[in-house]
Structure formats: structure tokens, C-alpha cells
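An overview of the molecular structure
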Number of protein chains: 2
Amino acid sequence: MSYKQKKFLSNTPLAEALQIYHEALKAAGIGGPLPGERIPVSDALGRVTSEAGIAKISSPFYHSAAMDGFAVKFIDTFGAAETRPKRLAVPVQAIAVDTGDPMPDGFDAVIMIEDVEKVSEGEVEILKPATPWQHVRLVGEDIVATELIIPENHVIRPVDMAAMLASGHTMIMVRKRPRIAVIPTGTELVEPGSALIKGDIIDFNSTMLSAMATECGATPVRRSIVKDEAVLLRQIIQHALLESDLVVINAGSSAGREDFTAQVIADLGKVYVHGVNIKPGKPVILGIAQSKPVIGIPGYPVSAALTFNLFIKPILYALQGRTMPEAETVIAKLSRQVASSLGQEEFIRVKLGSVSGNLIATPVTRGAGALMSLVRADGIISVPAASEGIAAGHAVTVELLRPRYEIANTVVCIGSHDNALDVLGNFLKKKHPELSLSSAHVGSLGGLLALKRGEAHLAGTHLLDEETGEYNVGYIKKYLPEQKTVLVNLVYRTQGFIVRSGNPKNVRGFEDLVREDVVFVNRQAGAGTRLLTDLYLKRLRIDPNRVKGYHHEEFTHMAVAAAVVSGAADTGLAVLSAAQALGLDFVPVAQERYDLAIPEQHYATPMLQALLQIVREDREFRKQIESMGGYDVSGMGKVISPG
Amino acid sequence: MSYKQKKFLSNTPLAEALQIYHEALKAAGIGGPLPGERIPVSDALGRVTSEAGIAKISSPFYHSAAMDGFAVKFIDTFGAAETRPKRLAVPVQAIAVDTGDPMPDGFDAVIMIEDVEKVSEGEVEILKPATPWQHVRLVGEDIVATELIIPENHVIRPVDMAAMLASGHTMIMVRKRPRIAVIPTGTELVEPGSALIKGDIIDFNSTMLSAMATECGATPVRRSIVKDEAVLLRQIIQHALLESDLVVINAGSSAGREDFTAQVIADLGKVYVHGVNIKPGKPVILGIAQSKPVIGIPGYPVSAALTFNLFIKPILYALQGRTMPEAETVIAKLSRQVASSLGQEEFIRVKLGSVSGNLIATPVTRGAGALMSLVRADGIISVPAASEGIAAGHAVTVELLRPRYEIANTVVCIGSHDNALDVLGNFLKKKHPELSLSSAHVGSLGGLLALKRGEAHLAGTHLLDEETGEYNVGYIKKYLPEQKTVLVNLVYRTQGFIVRSGNPKNVRGFEDLVREDVVFVNRQAGAGTRLLTDLYLKRLRIDPNRVKGYHHEEFTHMAVAAAVVSGAADTGLAVLSAAQALGLDFVPVAQERYDLAIPEQHYATPMLQALLQIVREDREFRKQIESMGGYDVSGMGKVISPG
């Protein structure tokens, strides 16, 4: 049965897919280490030895003085004693040497300079005898010719380079770097920097995949974009096969109308697996052509990165005779439950926060198209095929995407979103490169609940108490009664209706939201902005169900602005900066106080103090916030309530 | 007081030296991050951002279909139901779209292909209404223009490159790489590959230091070797200052006759510290000239590497706006006591072994000139200035020099040394790149005692029982009575006298060792070869005190051979391969059995089985051992005693 007849993707379990492909590669004689090449030792950092490095010469290769002093023949020193000093003739019996000097022929010991008394130009006196070879660095003391310096399949470090040079080598045999062709395919793809028209997709995957290959020690060759045409694709793959050890096609790996990758690979060789039961990343193609691995990976960036790691990285390591370094992992507590389909292995990005000694993992957006979710993720957890999900509070193993120490030095902010937090995060990293701010946007109330559960160091909050008219204080008393929480003002900010340029629907106030021609976009329950919306609707006795789009919820000001700019909605409540950022108009509604709520136990930590110092003292920061518009920074950094 | 007047090194404590220099650099305005440069995003892997990356465009920047199906206007779909299908005119009300296609203008939802029934070319039928924007990927769903992609001082990863491209950038601002000049000085230094004469020292340090700088993200410029002449050195440093951000001079940093480095730095600028109370690495010079750090580091390779890490690495990171990654550390149990001078901070290289779940740290040779000790070390422990040493059995914090997983995958062999073990270690890494063999040479008896203490997976042993004439079995019974230990033969080997070519002293047997003109080199107590020596001397009734050099002990066969080749001794007992390796002659004395003793709990582990498979089945291995001469491989891999 030829592959062409097969129309749909298979649903091969991950382990089985890896096994099938591993055996196919083995049968085809692929995957063993590439042959070696001879390169200068000085260029060998990070390369992998293709044969053992054996010492050609000893080091040192001559006896040398190990101390400043006089070289002597130990036999001449017999009998010297404090009570019976012995005199030696210079230079017949004693010769001045510095550390490192070769031992004069026939001399076999060194007496330290401090143990020698000069009697005259021609004579020195010693008070005790020398032992044979004392203070002499013997031939081969460090390296003996013929000894093993570094074994085969060893990743070369600076000290290995030194030892190879010291043992007489200037060249070294290392594995060739695997050459990997990365072929971006898709009629809709355009090169980065192109003038964009609707329907274009910037090809950023091939640069990402090339960089990932570089990280694995391979030499990537990024080819030009190939249109979705089988004949063209075939030509390019054939050409790439000639000059590469591995070919990656991205994408066209699914089974849609314009997905030719599988068909072309099948024509050129054989497809062993098409479709793996993982999420994201299902439409993977594992093939072999002309005795080389040819792999099609999906187009969504998160899928592309994940499948590269699962299927391509191990081959690149094997081609170099290297084992893949084990991924660094940590055990963390899952903050929210994760649902997953039975039978499918699922990989979920998480944010990590180290709060009061507990490591908390919070799942982030799952969309395979969400590149930023990968940029912002700290790690990945895998939900096995046999599982339907993981409950909140469970311990999970997280594969780290950032170094462990970075995660320990991250201020975790969960709560309401404000653009000022992005700016604060950047200033923190600018002033303290060792620190990061990670902010998750779950609304003001969600932030306070995260503090209650011990999942965050601080929460951004703007919760208006309907009865007292006061922001935040009452909510903190109510939701965090047992926790002393310091409330620090970040900004006062203007909330208003975001509308398209020129306000075409003429939105002036909440009354306009019930109009037949106005579509609203709301914020999620628990968001301070949502409370503000609900408060105004209540005051004006407007039934929320009469507001079109009331149930369309977004999680950030920017997402609300994006919904308006996109036409998905006509208006939504957000801060001025969000409108300005996307060139939208803004109809002010209210000024509100946006505070940082910080549990007392975190408040005094160096990390939080570094953050607060920026809030309180950094003029540049203050200026940048003001320049964004819609902010009043007069109270910035003031303690509203000491907790 | 000018520096020139100061003749001797100071003994500044490490923390104080770092503090003094840090403040001097700060006062001179050095150490902050270098300015940025604009480079293509595609070249930015591993570089550090010098300003925040802010999205220029949204991604996607147009609405697109998130499913294959039909784009519709949701308002046209009102009222559709299973019982009341609704028909839509193509292409007025419904337009076929594939995933990723831009949404046609005025269309605001997608109905999945499986939910659409084709009625005719001009009409499709649906059974339920669409909701607004269902299955549509909205503008900015991934990235919203103006949002922060990556902050300043961020080390760029592949996914960051993708996100920068996706958000409209093709160029990115990154910190310039610090340029570091590495100047090797020393009249005795020669370039690697030179024809060597006595007194030459191959300059390998500058290559090692350059590679270390590369690992820190800097661009090293290795200068030619400079003779020990103050005027020359001054010119070179002046020139290097013009084109570098940091200058390193190696060495001439001590206070000897030909040590000009400190003087020249003082002439060009100022020396802040000369001499730090650490071991190794004391003669360090921390200076500043023309507003640039100028650092002199000692010539011994271990000292050079250590002082680079202590004093130079932090500056290179700061120049890039990066924090130094925390060194990876493990807690291990010290197997032998370590003595150290009070007042001096000492850094000690250790080998690490993970045996039965215990991590054991064993100190290795301390000589600062012992490059191989650094090549073979797994980690470094620091003995604080306030301590006189650390007792055996204590828990110590070890800074790792090799990845953690490599240490976990290392077979630890402690005991007698045989060259066949080097070959075995190389074959193990060749066949199983994930595994390593670490062998420490403490003699046969030391090996059995290491097994007893649970510090090794196996021991190489050749202990002849004087009474039974049997090798090893009796010793294992005696020293490991409670431990089932499998004894596997590795080789039978010939022991004999190693003599210089042509046997000039005409050594024929043990009787010759008492001759006035013959100097012997012995093995350490507990070595099987030592037992053999002592047994023969006893049989021949020779008083060991009559053997010149009897008390000169070496730890390996190779060291014995090296002592002979060097003239330090005329002969010593060792195996043939050691003689052959160094082109020496050999006078056979006895054949002995060299076995591997393996405690039962390790015997069946995959790591040991991989090792034993090579011993038992690998023909290439067997061939290579045979080719070394002096070995009988007929029993290779046979179980001598099952324990």
C-alpha cells in the first residue's frame, strides 16, 4: 500500500512512534555518530571527541625546579647539619635556579633559597642534607606520554584543550557537526521584514528551529520559503538531502488540502509515522529518504518547538555521539487543575513561582499558536496518555525552560493587569539583572485569593468597595483576615471606554451599551474593571443581559483593546494606555486607585525591597509611566495601609 | 607610596580583595553593562538584550480562520437548529476557508467543515447558529502591538528570536560582547606545536583562558607570547588596552626576579591588590589602567583557571548586564580528611562517585601544576579561611565541574591501576556515551577498603595470598566478610622490572636491587605490586632497607615508568605496557591475575552490565588489550568467584 492512499493522520502513541522511528533509523544505519574531522585544538571548545586523546609527550617533559633556590646533587649534601654546615662550590656543586628552570644535567635536588647561605661568589652553605629529587618537578609529573587525556565522545572543555596542548597536540579529532536543513513551507509565509498584507504569516519558526539546532551543536541551514507546491517541495528536499545529515520541513505536515509534506517524503523514501497522539504537535511526519532522517513538523510555533525537542534533538545528539543531557526538573505544586484527553499525552506550559519556600506551577494558555505563552513559560509538565488530568494541589514534575536560579529570583505578581506592571518588570531586570517579575493576570480578586493560597509575592488590585467608596482595603480585610498585608499605591489611573478611532459608534457612557448597534467586550469575573462595570450598570439599573457582548470576557486591558481594534467589539472598559498603545480612542469614565497588596512576610525581603525601591525612587520609571498617559503618579510608592 | 617600592605579595583575604577591587572598578566607572549594538534577530542566540523588546505589530495582525470550514456572518446563522436547518448562499453568506486563511471582510465566525452540509454549488446548510468570532483567531491573540516581548538584560533563546520576528522586528539591540585580551608572558613559553627543547613550556594557558572567556559570552583575543621584559610587556598591554574591555596577563604575577606584571600595571595605572590569601592562586594582581580592568593571574594552570573564575568571570558577566549563573552544587560525603592552613581559603578538587545512593567526594592531588587533576576532577570544594581542614565523613558542598547526570552515570573504580582500565574507560564512553568510568588509583587493598566503605562500584585488584598462592579470593573473604562480592577476571598480566633502553644497569632480578649503583622506585603500601615486591624480597631474604629507593613510592605503573625514564630511578616493578608506552625495556618477573571485585548489589545494575559486556564480548577491546603486550586475555570476563 503506497502512502498516497492514506488520507488521514494516524494517532500513534508517543512511545510507539519513537520506537518505530528509532528502529527504522537503526535499520537504515542512521543515528550512529558522524565521522570525525581534524580541527585545531584552539577551535574545539564544545565539540565532541571522535577518538580518544592520548598524550603524545609527557608534561613536564624535563625535570625542573619546583622552588627558587639552588640545584644540587643530593650525594654532595650528605652529612650537612645545623651544627656542621656544609659548603658547596658554585657552580660545580650548586647552581642557582628559579621555579620552572630545567634541572642542570646531573643535578637531582633543589634546596630552597631560604635554606642556603651565601658565603662568597663561589660558595654557598647549607645546614641540612637534601633528599633525592626534593623540590624537583619530575618528567611526567602531570601528564605521562601515552596516557588517556580525554576519551572518545567527550564534550571538550577549556581545561581539556589545555591538556591536549600540554600533551603535544595542536589538532584534535572531533565529530563533524550534523548539518540540518530547515525548510519553511507555506504559500502564506513571508520573510521577516517583508511589507505585510492580510493573509501573510511571518516565517519565524525556521529561525527558531535553526537556533534550537545550534543549541544542540548542529549547523543549521535555513532554506528559503517554499510555496505549497509538491513539485517545488520535492526539488528542495532532494537538494537538501545532498548536503545535510537531517532535513526538517515546517510545515504542511497535517492532512489538509495543501499539506504535501507527507506525500513528498513518501515519494522520496518512506514515511514511518504520520500523526502522533500528543498535544500539541500531533501532525508530525517521521520519514527516511536517501538514508537520512526527513521530518515534517507542525506549523504552530509551540507544536514546532515541542516536536523538535521530542524527535529531532535526540537524533542531533546521537549524530555527535552525545547523550542528551537530562532536562532539569523540579517538583512543584499545581495551582489549578488541568484537564486532558484520555489516550493523548499532553504537554502543558506552566509559570513557576517560589513563594515562601513553596514552588507553585500555574498552567498558562494552551493554544499551540500562542508563541508568547512559550516565551513566558518557566517550564513544561506532561500529562500522560493514561490520565484525564491532574487535580489542583498535586505535585507535578516540571521540566525547566529557565535556569533554576532565575526562578528562585522571580517576584511573582498575580492579580489585576496594568501596563505599569510591564514597565516595572522591565525596570526591575534593567536595574537588577538577577531579578525578574512574573505577572499572571487573573483579575484583582483572583490576585487576593492567590495571596491567600500563598502562590504570589504580591497582587495588583483595584477593587472598589461599593459601600465605602474605598479601594482594596475592605477586600483585603475580608479575603485575607489572618494575613498582615501591606498595601502600597502604584498609580491612580483613568478607566474609560476604548473605542475605534473617531468613536464611530459614538459611545459616551454605560447607557450606550444597550444600543442595538453596540457590541461590548467585558472583563472576567473578579477583575476590578468588571466590578466597576457592574457597579455602574447597577447604579443605572441596566440589566447586563441587555448588553451585547457582556458575556465575552477578556483577561487584560490589552486584550480588550485588541478586541476593539479587531472589530470583534465596538467598545470595552480599560485604561487609557491600552487605547493609546493600539491607536484607539478613549472616553474617560472614572479614576481609580491601583495598589500593590504585599503580605508582610514578603514585604521586607530584598527582592520586594528592590522592586519597591524602583516604585518609590526611580525617576525614570515614574517618567515613563506618566508618559503613557492616563496615570496619576502622585501617590506612587506610598503605603496606603501597613497591614 | 609607589607600588615599585613594594617587594612582596600581600596576603589579602579573598572577600576583602573582591571588595577592594569591586569598589575600585565602581569608582572608575567600570563594570556596568557595555553599550548595545544592533544585530539581526537571527544572529542573536545567547546574546543579551540591551533594551526591552517591544512588539511593533500584533500577531496575528489580521483575523484568521482557526479551523477548516466556512466563514459566515453570525447574524445570518440565527435560528438554525437540527429541526430547522438554515441554508446559506455561497459565497455571499458563506465562504470556504482553511485554517490560517484571513477572514473575508465582514465575516465574523467560522463553522467547522464537519458541521456544514453541502446542498449545491451555491448553497450550504447548517444545523446550529454560530456565535460571534467562534473559531476565529483574532488580531493580537498571541502578541499585542506595544506589549513587552523580552525585557532588558535578557539572555536570548530561540523562542525569543521567534517572538521578536513575529512582532515585527528583524534587528535587535544587544550588549556588545566584552573583548578580552589574553597575554601570555614568559621567556620560557613556546607556541603549541613548536619543536621543544629542555626548558620550554608550551603555552596552553592562554588557549584555556580564551575558551573560558568564550564560555562567558566574551570575545577573547589571544596575543602572541611576550618575553619577560618590562618594556615589551608595557607596549603590549598599552596596545591591548586600546582594543579591549579587559586585559589579562598570564603570568609573571608573582614577586620573583622575572615577574614584571605588577610593576608594569602599576606604571600604566594602579594595582589595587597584589596577592590574595587563597590556595591555589595566591599571586593575583588586580589593577586598573586607562579605565579598564587589568588583571595578572598566576601561571600554574589550576591557579589560572581558578583565579579566572574568581576575578574575571564576574566582570565579564557584569559587562554584559548578566548575573553570573549560580554554580551547580551538590552535597557529598568527604571520603578522606583534608587539611588546610588556618587563615587561607583553599580550593580542593574532588572526584565524585554516586554509589548506592551516596555521593562520595574524594580529594585529588593538590598541586597547582597538575592540569590533569583538573581535567579529571568532578568538582571543587572550598575550605574556608577560618578552618584548619575537614574531617573524613563530613558533608561538603561541591561545586560541580561536570553535569550532575554525568556523575550519576559514572562507574566508580577504586583500587589497583592497570592500563587496561584506561582502555576499558574509553570503550565504555565510546559504546555508551552516557556512561563514564572514573578510576582512582589507591592500590589493590585500598580498593577493597573503598568497597567496604561503600565508596566504589568495583575495585581492580591483584593481591597474592602468600600462603595459598591464590589471588584476591582470600583478601576479599578477609576484608569484605559481610559483603557478597563477585570476582571477575580482567587480565593475566606480566609484571617485571622496567629499565632504561638496553638495560644499562643490567638488572636481572630482585638480587640486583641491593647493588650500590641501582636505584629502585617502589609502589605504595597496599598495592598488589608492592606485595609482590615484598614477597620476593622476603623469599630471597633481602632486607628492604638495603634497597636504595625502597621508600620512594609511586601510585601507578606509569609513574614508576616515568621515574625510570626520568633517571630518578634505575628500575621499578610494573607491567609491560607501562614500559612499552615510554619506550623502556622490561625484564619479566611473574605473571599475575588482575581481577575486578564487584559487590553483588552493583553487579546486576545496567551500568556494570554495560561495562562487563565490553569485557566479555567486545572483540575490538580484547584485541587492543592484547596489542599492548604483556597481557593474557584468555580468562577475560570469567567469573572467578560468584561471591
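Rules used throughout
- Residues numbered from 1 in each chain as written.
- Chains lettered and ligands numbered in written order.
- Predicted model: local features only at pLDDT ≥ 70, side-chain atom pairs only at ≥ 80, totals over all residues.
- Heavy atoms only, no water.
- Helix = DSSP H or I, 4+ residues; strand = E, 2+ residues; numbered from the N terminus.
- Rg over C-alpha atoms; globule rule 2.2 N^0.38 Å.
- Buried < 20%, exposed > 50% of the residue type's maximum accessible area, 1.4 Å probe, protein only.
- Contact = heavy atoms within 4.5 Å.
- Buried area = accessible area lost by both parts, 1.4 Å probe.
- Salt bridge = Lys/Arg side-chain N within 4 Å of Asp/Glu carboxyl O.
- Polar contact = N/O pair within 3.5 Å; in protein donor to acceptor, adjacent residues only side chain to side chain.
- Least-squares fit on C-alpha atoms with pLDDT ≥ 70 in both.
- Pairing = 2+ DSSP bridges.
- Axes fitted to C-alpha atoms, helices over the stretch in contact; angles between N-to-C directions.
- Domains from an automatic or database assignment.
- 1 Å grid on protein atoms, 1.4 Å probe; cavity = no way out; pocket = protein on both sides within 12 Å on 5 of 7 lines; lining within 4 Å.
- Points joined across faces, edges and corners; volume = space filled by probe spheres on them.
- Nonpolar A, V, L, I, M, F, W, Y, C, P; charged D, E, K, R; others polar.

Let us look at the overall build of chain A. On a plain count of helices and strands, chain A comes out with 17 helices and 38 strands. Against the globule reference of 26 Å for 643 residues, chain A gives a C-alpha radius of gyration of 35 Å, more extended than a compact globule. Projected onto the principal axes, the alpha-carbon positions of chain A cover approximately 115 × 75 × 45 Å. Relative to its full complement of 643 residues, chain A shows a buried share of 57%.

The subject of this paragraph is the interface of chain B and chain A. Facing the 88 residues of chain B at the interface are 89 residues of chain A. When the two sides are added together, the surface that chain B and chain A hide from each other amounts to roughly 7700 Å², 65% of it contributed by carbon and sulfur. When the buried area of chain B at its contact with chain A is split by residue, Lys198(B), Met372(B) and Tyr405(B) rank highest and sum to 7% of it. Inspection of the region where chain B meets chain A yields six salt bridges. For the salt bridge of Lys430(A) with Glu152(B), the shortest nitrogen-to-oxygen distance reads 2.9 Å. Inspection of the region where chain B meets chain A yields 32 residue pairs in polar contact (both at pLDDT 80 or more).

Attention now moves to the pattern of salt bridges. Two side chains carrying opposite charge are able to pair once their charged atoms lie near each other. Under the counting rule described, the total for this entry stands at 66 salt bridges over all chains. For the salt bridge of Arg402(A) with Asp378(A), the shortest nitrogen-to-oxygen distance reads 2.4 Å. Of the two residues, Arg402(A) is situated in the loop between β28 (395-400) and α8 (404-408) and Asp378(A) in the loop between α7 (371-376) and β26 (379-383); the sequence distance between them amounts to 24 residues. Just as Arg402(A) is buried, Asp378(A) falls in that class too. For Arg137(B), the salt bridge is made with Glu141(B), and the minimal N-O distance between the two is 3.8 Å.

Our focus in this paragraph is the relation of the copies chain B and chain A. Of the transformation superimposing chain B on chain A, the axial component is 0.0 Å and the angular component is 180 degrees, with the fit at an RMSD of 0.2 Å. Overall, the copies show the geometry of a two-fold rotation axis. Every residue of chain B has its C-alpha some distance from the rotation axis, and the shortest such distance is that of Glu328(B), at 5.8 Å. The residues that chain B uses at the interface reappear at the interface of chain A in 100% of cases, marking a shared surface.

Attention now moves to the sheet that holds strand β20 (residues 285-289) of chain A. As a general point, the strands of a sheet are linked pairwise by backbone hydrogen bonds and lie either parallel or antiparallel. Residue and element names in this part refer to chain A. If you trace the six strands from one edge of the open sheet to the other, you get β16-β13-β17-β21-β20-β18, paired in mixed fashion. Each edge of the sheet is formed by a strand with only one pairing partner; in this case those strands are β16 (219-222) and β18 (270-274). For this sheet the average axis-to-axis angle between neighbouring strands, irrespective of direction, equals 20 degrees. Sheet analysis places strand β13 (residues 179-184) next to strand β17 (residues 246-250), joined by five bridges and oriented parallel. From the neighbouring strand, Pro184 faces β17, where its bridge partner is Asn250. Across the sheet, helix α6 (residues 301-319) lies against β13, β17, β20 and β21 (292-297), angled at about 170 degrees from β21, the strand it touches most.

With that settled, consider the domain arrangement of chain A. What the domain assignment lists for chain A is domain 1 (14-33 + 178-319), domain 2 (36-59 + 142-175), domain 3 (64-137), domain 4 (329-401) and domain 5 (427-641). Using only C-alpha atoms to locate each centre, domain 2 of chain A and domain 3 of chain A end up separated by 38 Å.

Turning next to empty space enclosed by the protein. All chains considered together, the criterion is met by six cavities of 30 Å³ or more. The computed volume of the largest cavity comes to approximately 90 Å³. In terms of lining residues, the largest cavity is bounded by Lys351(B), Leu352(B), Gly353(B), Ile360(B), Thr362(B), Val412(B), Cys413(B), Ile414(B), Ser438(B), Ala440(B) and Glu455(B). Of all elements in the fold, only β24 (345-355), β25 (358-363), β29 (410-415) and β30 (436-441) of chain B reach the threshold of two or more residues within the lining of the largest cavity. Residues belonging to the lining of the largest cavity are distributed by class as follows: six nonpolar, three polar and two charged. Among the domains, domain 4 (329-401) and domain 5 (427-641) of chain B are the pair contributing at least three residues each to the lining of the largest cavity. Approximately 70 Å³ is the volume found for the second largest cavity. Lining the second largest cavity are Lys351(A), Leu352(A), Gly353(A), Ile360(A), Thr362(A), Val412(A), Ile414(A), Ser438(A), Ala440(A) and Glu455(A).

A word on the sheet that holds strand β9 (residues 123-126) of chain B. All names here are of chain B. Spatial strand order, β5-β9-β8: three strands in an open sheet with antiparallel pairing. Among the strands making up the open sheet, the edge pair consists of β5 (86-89) and β8 (116-120). Here the average twist between neighbouring strands, direction ignored, is 35 degrees. Pairing between β5 and β9: four bridges, direction antiparallel. If you follow Arg87 over to β9, its bridge partner there is Glu125.

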